[in-house]
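# Geometric and topological summary
Here is what each chain is made of, one letter per residue.
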Amino acid sequence: MYSFKYQLAKSVADASAFVAKNSDAKLLAGGQSLIATMKLRLSQPSDLVDLGALAELRGIKVAGNTVTIGAMTRHAEVAASAEVKKAIPALASLAWSIGDRQVRNMGTIGGSVAHNDPAADYPSAVLALDATVTTNKRKIAADQFFKGMYETALEPGEIITSVSFPCPKRAAYMKFKNPASRYAIVGVFVADTGKAVRVAVTGAAPCVFRVAEMEKALSAKFAPESVASIAVPEKGLNSDLHAKADYRAHLITVMAKRAVAAAL
Amino acid sequence: MTVKVSMSVNGKPVSGEVEERTLLVSFIRETLRLTGTHVGCDTAQCGACTVVMDGRAVKSCNMLAMQAEGAELVTIEGIAEPDGTLHPMQEAFRQHHGLQCGFCTPGMVISAIDLLKNTPNPTEREIREQLDGNLCRCTGYHNIVKAIAAAAQTGGGVLRR
């Protein structure tokens, strides 16, 4: 990997000020994507600002109808949390399905959401559950957060501090994994908030997206057959050696059906 | 430029001068000369580089040495008793021949200890699912799974450190 300067952040404010001033600096959360990217020399930050020591960015709080997860909370912690399992079981099981044991022991929700990998799992939960991303500057609604491949609404110097998920009436996540990397070739998160149904798809396109037609059909009747005949057009979907666009389009419907069945 | 990094490895305080970009696995193997921790794929998929950091299994090829500053690490060299008595997980791998070429074994053993710590009485299916972070190129999984199931009965999820 290319060389860089390393620093351990002493506070969110310091880290924010530093990356705002140094446009080639990067924040380091768990590093499970960033370090791998740097090893491949696909990324060449001038500086790494490690958020690992900021205890205030860690932890899980359930208050009323909302689960708030600190940005530096690891996937394994979310997966094992009795509170998350009780409030939003689909979120705990999604966290359990990320990467592998060792990756879950290092990777963080804030890192995953900020990185916005097209095949990451968490963005689908954030979008389907209509979560709110809280940064050191503002609160961003999920619908405004994910902008494109590896692109988010985060501005220079803006750091995610937590993500808040409203508890749904029922929800489930189903993914078709790449057997080697365990990234989602297609992952579908279905959430019934009680007022509306939201369907978010990851892995299939350059960025996580919602499927309005499925949402409408499921709002009328929350059953697998409601989405069985709804196909997402293959235009614009990812096509690579793991799966062609038409196969991904097919998988979206299959995973949506399975997710609805699992949520019932 | 080099920086100083300090941590505890297998109960002993260690430190070294490293480049900021030095991976934890390079620090362990090249600076500390603890070569039981292996580099297999070097892309965070195979798990041969797995070590325990502050009580949890991590891939040391996918993190910086600096990320382990001040941490307590346990490597494969640190799990047996000081008198050489094997850790129950090592003993189970020996009894059940949970290895063929042996290259993945250090990572398998460390991951398997973490597995039993979190799931003390796993079913065979759970063992197979939860070994998701470790690959055996010899495909010798049957005996690895048998070994872990056996170690669940002999304290295989406990580290003395």
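Residues numbered from 1 in each chain as written. Chains lettered and ligands numbered in written order. Predicted model: local features only at pLDDT ≥ 70, side-chain atom pairs only at ≥ 80, totals over all residues. Heavy atoms only, no water.

Once that is clear, we can look at the domain arrangement of chain A. For chain A, the assigned domains are domain 1 (5–50) and domain 2 (168–264). Between the C-alpha centres of domain 1 of chain A and domain 2 of chain A the distance comes to 33 Å. (Domains from an automatic or database assignment.)

What follows is about the pairing of strand 13 (residues 197–202) of chain A. Residues and elements named next belong to chain A. For strand 13, the tally of buried residues reaches six of six residues, placing the bulk of the element in the interior. Strand direction decides the pairing type here: strand 12 (residues 184–192) and strand 13, joined by six bridges, are antiparallel. Of the residues in strand 13, the one forming a bridge with Asp-192 is Val-197. Where strand 12 hands over to strand 13, the hairpin turn is made up of four residues, of which Gly-194 adopts a positive phi near 105°. Pairing between strand 13 and strand 14 (residues 209–210): two bridges, direction antiparallel. Residue pairing in the sheet places Ala-200 in a bridge with Arg-210 of strand 14. As consecutive antiparallel partners, strand 13 and strand 14 are separated by six residues, and within that stretch Gly-203 has a phi angle of approximately 85°, a positive value. (Buried < 20%, exposed > 50% of the residue type's maximum accessible area, 1.4 Å probe, protein only. Helix = DSSP H or I, 4+ residues; strand = E, 2+ residues; numbered from the N terminus. Pairing = 2+ DSSP bridges.)

Residues and elements named next belong to chain A. Counted by the stated rule, this structure contains three aromatic pairs over all chains. On the numbers, 5.0 Å between centres and 85° between planes, the contact of Phe-145 with Phe-146 is edge-to-face. We classify Phe-146 as buried; its relative accessible area is 10%. The side chain of Arg-41 reaches across the aromatic face of Tyr-2, ending 4.5 Å from its centre. Here Arg-104 stacks its cationic end above the ring of Trp-96, 4.5 Å away from the centre of that ring. (Phe/Tyr/Trp six-rings, centres within 6.5 Å; stacked < 30°, edge-to-face > 60°. Lys NZ or Arg CZ within 6 Å of the ring centre and 35° of its normal.)

Let's shift gears to the nonpolar core. Of all hydrophobic cores here, the largest spans 41 residues; its most connected members are Val113(A), Tyr122(A), Val126(A), Phe165(A) and Phe189(A). In contact with Tyr122(A), not counting residues within four places along its chain, are His75(A), Val78(A), Leu91(A), Leu94(A), Ala95(A), Ile98(A), Ile109(A), Ser112(A) and Val113(A). Leu23(B), Ile28(B), Leu32(B) and Cys61(B) belong to the second largest nonpolar core, which has 35 residues in total. (Core = buried A, V, L, I, M, F, W, Y, C linked by side-chain atoms within 4.5 Å. Contact = heavy atoms within 4.5 Å.)

Okay, unusual backbone geometry next. With a phi angle near 55°, Arg41(A) is a residue other than glycine that sits in the positive phi range. With respect to the helices and strands, the residue Arg41(A) is situated in the loop between helix 2 (34–39) and strand 3 (47–50). With a relative accessible area of 47%, Arg41(A) lands in the partly exposed category. Although it is not a glycine, Arg33(B) adopts a positive phi angle of roughly 60°.

Attention now goes to the state of the cysteines. Residues and elements named next belong to chain B. Using the criterion set out here, one finds zero disulfides over all chains in the structure. Between Cys-46, a cysteine without a disulfide, and Cys-41, which holds the nearest cysteine sulfur, the sulfur-to-sulfur distance is 3.8 Å. For Cys-46, a relative accessible area of 13% puts it in the buried group. With no disulfide partner, Cys-104 has as its closest neighbouring cysteine sulfur the one in Cys-136, 4.1 Å distant. (Disulfide = S-S within 2.5 Å.)

Right, let's talk about the sheet that holds strand 7 (residues 139–141) of chain A for a bit. Adjacent strands of a sheet pair through backbone hydrogen bonds, lying either parallel or antiparallel. All names here are of chain A. With antiparallel pairing, five strands are arranged side by side in an open sheet as 4-5-10-6-7. Either end of the sheet is taken by a strand with one partner, and the two such strands are strand 4 (60–63) and strand 7. Averaged over all pairs of adjacent strands, the angle between their axes in this sheet comes to 20°, without regard to strand direction. Sheet analysis places strand 6 (residues 132–135) next to strand 10 (residues 160–166), joined by four bridges and oriented antiparallel. Pairing of Val-133 across the sheet is with Val-163, part of strand 10. (Axes fitted to C-alpha atoms, helices over the stretch in contact; angles between N-to-C directions.)

The next point concerns the packing of helix 2 (residues 88–95) of chain B against helix 3 (residues 105–118) of chain B. Residues and elements named next belong to chain B. Remark: helix 2 packs on helix 3, axes separated minimally by 10 Å, with the N-to-C direction vectors making an angle of 120°. It follows that helix 2 is oblique to helix 3 by the angle criterion. Classified by chirality, the crossing of helix 3 by helix 2 is right-handed. Of the residues in helix 3, those touching helix 2 at Met-89, Gln-90 and Phe-93 are Thr-105, Met-108, Val-109, Ala-112, Ile-113 and Leu-116. (Parallel < 35°, antiparallel > 145°, perpendicular 65-115°, else oblique. Left-handed = near helix turned anticlockwise from the far one by under 90°.)

Before going further, it helps to spend a moment on the interface of chain B and chain A. With 28 residues of chain B in contact, the opposing surface of chain A contributes 28 residues. Buried area between chain B and chain A, summed over both chains or domains, comes out near 2300 Å², and the portion from carbon and sulfur atoms is 49%. Contact with chain A buries area across many residues of chain B, yet Arg21(B), Asn62(B) and Asp132(B) alone supply 28% of it, more than any other trio. For the pair chain B and chain A, the interface holds four salt bridges. We note a salt bridge from Asp132(B) to Arg104(A), for which the minimum N-O separation is 3.3 Å. (Buried area = accessible area lost by both parts, 1.4 Å probe. Salt bridge = Lys/Arg side-chain N within 4 Å of Asp/Glu carboxyl O.)

Let us look at the pattern of salt bridges. All names here are of chain A. Tallied over the entire structure, the rule returns 21 salt bridges over all chains. Across the pair Arg-138 and Glu-158 runs a salt bridge, and its minimum N-O distance is 2.7 Å. Highlighted residues: Arg-138 in the loop between strand 6 and strand 7 and Glu-158 in the loop between strand 9 (151–152) and strand 10, separated in sequence by 20 residues. Look at Glu-158 and you get buried, because its relative accessible area is 5%. A salt bridge links Asp-240 to Arg-248; its shortest N-O distance comes to 3.3 Å. The exposure class assigned to Arg-248 is buried, which follows from its relative accessible area of 4%. Beyond isolated ion pairs, a larger network of salt bridges with shared partners links Asp-130, Asp-143, Arg-198, Arg-210 and Glu-215.

What follows covers the environment of Thr37(B). Residue and element names in this part refer to chain B. With respect to the helices, strands and loops of the structure, Thr-37 is situated in the loop between helix 1 (24–31) and strand 3 (50–53). C-alpha separation for the pair Thr-37 and Leu-135, spaced 98 residues apart in sequence, amounts to 14 Å. The residues contacting Thr-37, other than those within four sequence positions of it, are Val-25, Ile-28, Arg-29, Ala-48, Cys-49, Val-51, Ser-60, Thr-75, Ile-76 and Glu-77.

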